[in-house]
Amino acid sequence: MTLQKMLRFTRNQLSEYAALLPQVNNVRGIKNFKPPVLYEHIQMPERPKLHYIERVPNYSNSQLRPPKMHKMLGLMRGPETVHNKLIHKQYGIQATGGGRMRFIHFEVIRMGLLRKLDWSRMFAIWRIDSPWQAVTKKGQGQRMGGGKGSIDHYVTPIRSGRIIIEIAGHCEYLEVKDILSKISAKLPFKAKAVCQETLEWDLAKEKWQAENNQNKYTMEYLIKNNMDDLQRKVKKIDHLYFGKYV
């Protein structure tokens, strides 16, 4: 009986306790959620995984002697003008500097993706050729002279802006960004994980900086106008790319 009397509150007491409690809004509002991404335009291939890359190029004529080649450093310098865009408009790895890829680097990419990706809803493709350029090397302890050394291994030259691999399928960028970033850090040149949005943002940013640059004395302006006799002092490659690609 005493408990019932203790639980009885007057109307004024209830209003005081109600003011101390957190206020809850029971009015229902409209939620603006983004619609889910539909991947109807993506067609999964029969073989979604990256195929094996041969260590040595195969020649059709078995009696043909593998040719020895020059260094051809021009194949690594300058920007990539052809294979610098994504075919499937999704994700990939882009080189931000020039270099050479050996067979071991192809295997690092292939085995790294083989263990991490969900191949039931993703697929990957190569965007570079297999190793084809021969690199010669003389044996240890040989003196200078005696002609060009024998072929030691084969490489694939890469220019800045080249798309190395491409990943597409029913997936988002956050799912593959960490995987692609770790693989790009193991390559012998500077590279980064990219998506279609980042590529478009980089192009727009570069265009905006060129249009809104208030300093007219750029590297291009100095070399073209031969200020301080720069045309004689700079390298030949700077006459084409004006210090951007070294």
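Above this note sits the structure.
All of the points below concern the structure found in this document. Bear in mind that the values here come from a model prediction, so they are computed numbers and not experimental data. Each residue is numbered by its place in its chain's sequence as written, counting from 1. Local features in this predicted model are restricted to residues of pLDDT 70 or higher, and side-chain atom pairs are both shown and tallied only at a pLDDT of 80 or more, whereas totals for entire chains, interfaces and linings draw on every residue. Excluding hydrogens and water, the side-chain figures rest on all heavy atoms present in the structure.

1. A short note on the pattern of salt bridges
No. 1: Criterion for a salt bridge: a side-chain nitrogen of Lys or Arg within 4 Å of a carboxyl oxygen of Asp or Glu. Under the definition given, this model contains ten salt bridges.
No. 2: Note that Asp 118 is salt-bridged to Arg 121, the shortest N-O span being 3.1 Å.
No. 3: For Lys 244, the salt bridge identified is with Glu 206, shortest N-O distance 2.7 Å. One end of the pair, Lys 244, is in the segment after α8 (238-241); the other, Glu 206, is in helix α5 (residues 196-211), and 38 residues separate them in sequence. Note on conventions: DSSP H or I runs of at least 4 residues are helices, E runs of at least 2 residues are strands, and numbering of each starts at the N terminus.

2. Some points on the sheet that holds strand β1 (residues 91-95)
No. 1: In space, the four strands of this open sheet follow the order β3-β6-β1-β7, with antiparallel pairing throughout. The open sheet terminates on both sides in strands that have one partner only, identified here as β3 (122-126) and β7 (191-195). Direction aside, the axes of adjacent strands within the sheet are offset by 20° on average.
No. 2: Note that β1 and β7 share five bridges and pair antiparallel. Residue pairing across strands places Ala 95 opposite Ala 191, the latter belonging to β7.
No. 3: Relative to the sheet, α5 contacts β1 and β7, its axis offset from that of β7 by approximately 105°. Two strands form a pair only when DSSP identifies at least two bridges running between them. Axis geometry follows a simple rule: fit a line to the C-alpha atoms, using only the stretch in contact for helices, then measure angles between N-to-C directions, giving values from 0 to 180 degrees. Residue contacts are counted whenever heavy atoms from the two residues lie within 4.5 Å of one another.

3. Some remarks on a nonpolar patch on the surface
No. 1: On the surface, Met 72, Leu 75 and Trp 132 cluster together to form a nonpolar patch covering roughly 230 Å² of accessible area.
No. 2: By the element assignment, Trp 132 lies in the loop between β3 and β4 (133-137).
No. 3: Residue burial is assigned from relative accessible area. The probe radius is 1.4 Å, only protein chains are included, and a residue is buried under 20% of its type maximum, exposed over 50%, and partly exposed in between. On the basis of relative accessible area, Trp 132 is assigned to the partly exposed category, the value being 33%. Like charges are joined within 9 Å and nonpolar side chains (Val, Leu, Ile, Met, Phe, Trp, Tyr) within 5 Å, but only among residues with over 30% relative accessible area and no salt bridge; these make up the patches. The accessible surface values rely on the Shrake-Rupley method and a 1.4 Å probe; as for residues, cover is taken only from the protein chains in view.

4. Brief notes about the side chain of Ser 160
No. 1: Checked against the element boundaries, Ser 160 lands in the loop between β5 (150-158) and β6 (163-169).
No. 2: Residue classification places Ser 160 among the buried residues on the basis of a relative accessible area of 13%.
No. 3: The contact partners of Ser 160, leaving out residues within four places of it in the chain, are Gly 78, Pro 79, Glu 80, Ala 95, Thr 96, Gly 97, Gly 98 and Tyr 245.

5. A short note on helix α4 (residues 173-184)
No. 1: In this model α4 runs 15 Å from its N-terminal to its C-terminal C-alpha over twelve residues, within 8% of the 16 Å that 1.5 Å per residue would give.
No. 2: Burial in α4 covers these residues: Tyr 173, Val 176, Ile 179, Leu 180, Ile 183 and Ser 184. Buried residues along α4 cover an arc of 140° about the axis, so they all sit on one side. What points out from α4, more than 90 degrees from its buried face, is the exposed set Leu 174 and Lys 182.
No. 3: Tucked inside the fold, the buried residues of α4 contact β1, α3 (103-116), β3, β6 and β7. The span expected for a helix works out to 1.5 Å for each residue beyond the first. This arc corresponds to the set of directions leading from the helix axis out to the C-beta atoms.

6. With respect to the layout of surface pockets
Think of a ball as big as a water molecule: rolled over the atoms, this probe shows where empty space is left.
No. 1: The pocket and cavity definitions rest on a 1 Å grid over protein atoms only: a 1.4 Å probe that fits but cannot leave marks a cavity, an open set with protein on both sides within 12 Å along at least five of seven lines marks a pocket, and residues lining either have an atom within 4 Å of a point. Grid points are joined across faces, edges and corners, and a volume is the space filled by probe spheres set on the points. Taken as a whole, the largest pocket spans an internal volume of roughly 910 Å³.
No. 2: In terms of lining residues, the largest pocket is bounded by 28 residues, among which Gln 94, Gly 161, Glu 206, Lys 244 and Tyr 245 are the most central.
No. 3: Going through the elements one at a time, β1 and α5 are the ones with two or more residues in the lining of the largest pocket.
No. 4: Broken down by element, the lining of the largest pocket gets its largest block of residues, nine residues, from α5.
No. 5: Of the residues in the lining of the largest pocket, the class split is eight nonpolar, ten polar and ten charged. When residues are sorted by character, Ala, Val, Leu, Ile, Met, Phe, Trp, Tyr, Cys and Pro go into the nonpolar class, Asp, Glu, Lys and Arg into the charged class, and all the rest, Gly among them, into the polar class.

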